[in-house]
Amino acid sequence: MDNRLTLLLGGARSGKSTYAEQWAQQYGGKVLFVATAQAFDDEMRERIDAHRASRPAHWTTLEAPQNTGDYIRAGWADHDTAVVDCMTLLASNAMLALPDDATQEAVTGAVVAEAENLLAAFRQTGGQWLVVSNEVGMGVVPPTRMGRFYRDALGRANQVLASAADEVLLFVAGLPWQLK
């Protein structure tokens with residue numbers, strides 16, 4: 001299996017995670033599923049539990065809400081496919097780790113550093129990687145300062161990942177459009 005990085009972009013419930021999981025089930029071999037979500041409330045715990053239950057039992061799940069590239073390098077072993085779900089929550093986690101008065105530069109720096117750490121891990125481990133992320137730049141301008149910081153930082157991180165990716169797919173209503 002050749003080394004290949006695929007970025008899957010789309011809005012909420014656009015089908016990107018489903019596609020990544022189906023692809024990994026069909027072609028992935030030994031899969032490392034990398035979850036970036038954190039359960040801050042009961043509803044999110046239920047979502048995480050449902051996602052865990054839906055994944056194949058033979059996949060390895062790695063929960064890595066920050067410094068995700070480091071965790072992947074440490075847990076890669078003999079895996080040949082990584083599904084990173086998702087950059088969207090990884091960006092949120094990086095941002096929430098900063099002080100409330102963080103600047104746009106600090107937020108963007110922290111989020112882009114996570115994306116660059118993922119790319120460094122990909123280059124070191126190889127294999128097939130599918131990275132899921134939300135496309136957040138197509139909607140309205142967020143009404144809050146931190147909302148705008150988040151949108152801008154994730155947009156920059158998506159650009160970094162897309163530039164390095166071998167393939168970029170945009171999902172709308174469950175349908176993939178090949179961008180690269």
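Use the structure listed above.
Residues numbered from 1 in each chain as written. Predicted model: local features only at pLDDT ≥ 70, side-chain atom pairs only at ≥ 80, totals over all residues. Heavy atoms only, no water.

### Section: the overall build of the protein chain
We count it as follows: Numbering of helices and strands runs from the N terminus, with a helix taken as a DSSP run of H or I at least four residues long and a strand as a DSSP run of E at least two residues long. This radius of gyration counts C-alpha atoms alone. The globule rule is 2.2 Å times how many residues there are, raised to the power 0.38. Residue exposure (1.4 Å probe, protein chains only): buried if accessible area is under 20% of the type maximum, exposed if over 50%, otherwise partly exposed. Throughout, a residue-residue contact means that at least one pair of heavy atoms, one from each residue, lies within 4.5 Å. Values of accessible area rely on a 1.4 Å probe in the Shrake-Rupley scheme; residue burial ignores everything except the protein chains shown.
What the protein chain contains, in helices and strands, is six helices and seven strands. Helices and strands appear in the protein chain in the N-to-C order β-α-β-α-β-α-β-α-α-β-α-β-β. Relative to a compact globule of 180 residues, whose C-alpha radius of gyration would be 16 Å, the protein chain shows 15 Å and is just as compact. Each principal axis of the C-alpha atoms in the protein chain carries an extent, and together these give about 45 × 35 × 30 Å. Counting across all 180 residues of the protein chain, residues that qualify as buried make up 45%. A fraction of 80% describes how many contacts in the protein chain between residues 6 or more apart in sequence connect residues 24 or more apart. For the protein chain, the accessible surface area stands at approximately 9100 Å², while carbon and sulfur atoms represent 53% of it.

### Considering the nonpolar core
Quick reminder of the rule: Here the nonpolar core consists of buried residues drawn from Ala, Val, Leu, Ile, Met, Phe, Trp, Tyr and Cys, with membership extended through side-chain atoms lying within 4.5 Å.
Ile72, Met87, Val111, Trp129 and Val131 are the most contacted members of the largest nonpolar core, which has 35 residues in total. Of all the secondary-structure elements, those providing two or more residues to this core are β1 (4–10), β2 (31–35), β4 (81–85), α4 (87–96), α5 (104–125), β5 (128–134), α6 (145–164) and β6 (167–172). The leading source of residues in this core is α5, at seven residues. Once you skip the residues sitting within four places of it in the chain, Val111 turns out to touch Met87, Ala91, Ala94, Ala153, Leu154 and Ala157.

### Comments concerning a nonpolar patch on the surface
Cut-off, in case you're wondering: To count toward a patch, a residue needs a relative accessible area over 30% and no salt bridge; like charges are then connected within 9 Å, while nonpolar side chains (Val, Leu, Ile, Met, Phe, Trp, Tyr) are connected within 5 Å. Should a side-chain nitrogen of Lys or Arg be within 4 Å of a carboxyl oxygen of Asp or Glu, the pair is scored as a salt bridge.
A cluster of nonpolar residues, Val172, Leu175, Trp177 and Leu179, forms a patch on the protein surface that exposes about 430 Å² of accessible area. Structurally, the position occupied by Val172 is in strand β6.

### Section: the packing of α4 against α6
Going by this rule: A fitted line through C-alpha atoms represents every axis, and for helices the fit uses only the stretch in contact; the resulting angles, taken between N-to-C directions, go from 0 to 180 degrees. For classification purposes, an angle smaller than 35 degrees is called roughly parallel, one larger than 145 roughly antiparallel, one from 65 to 115 roughly perpendicular, and anything else oblique. Whether a crossing is left-handed or right-handed is set by the direction in which the near helix is turned from the far one by less than a right angle, anticlockwise for left-handed and clockwise for right-handed.
In the contact formed by α4 and α6, the axes pass within 10 Å of each other and the chain directions differ by 130°. Here α4 lies oblique to α6, going by the angle between them. Where α4 crosses over α6, the two elements pack in a sense that is right-handed. In contact with Met87, Thr88, Ala91, Ser92 and Met95 of α4, α6 contributes Met146, Tyr150, Leu154, Ala157, Asn158 and Leu161.

### Observations regarding the sheet that holds β1
Quick reminder of the rule: By the convention used here, strands pair only if DSSP detects at least 2 bridges between them.
With mixed pairing, seven strands are arranged side by side in an open sheet as β3-β2-β4-β5-β1-β6-β7. Where the open sheet ends on each side, the last strands, each with one partner, are β3 (60–63) and β7 (175–178). Across the sheet, the mean angle from the axis of one strand to that of its neighbour is 20°, orientation sign disregarded. In the sheet, β4 pairs with β5 via five bridges, with the strands oriented parallel.

### Comments concerning the packing of α4 against α5
Contact geometry for α4 and α5: axes closest at 9 Å, N-to-C directions at 135°. In terms of axis orientation, α4 runs oblique to α5. Note that α4 runs across α5; the crossing there is right-handed. Here Met87, Leu90, Ala91, Ala94 and Met95 of α4 come into contact with α5, specifically with Val107, Ala110, Val111, Glu114, Ala115 and Leu118.

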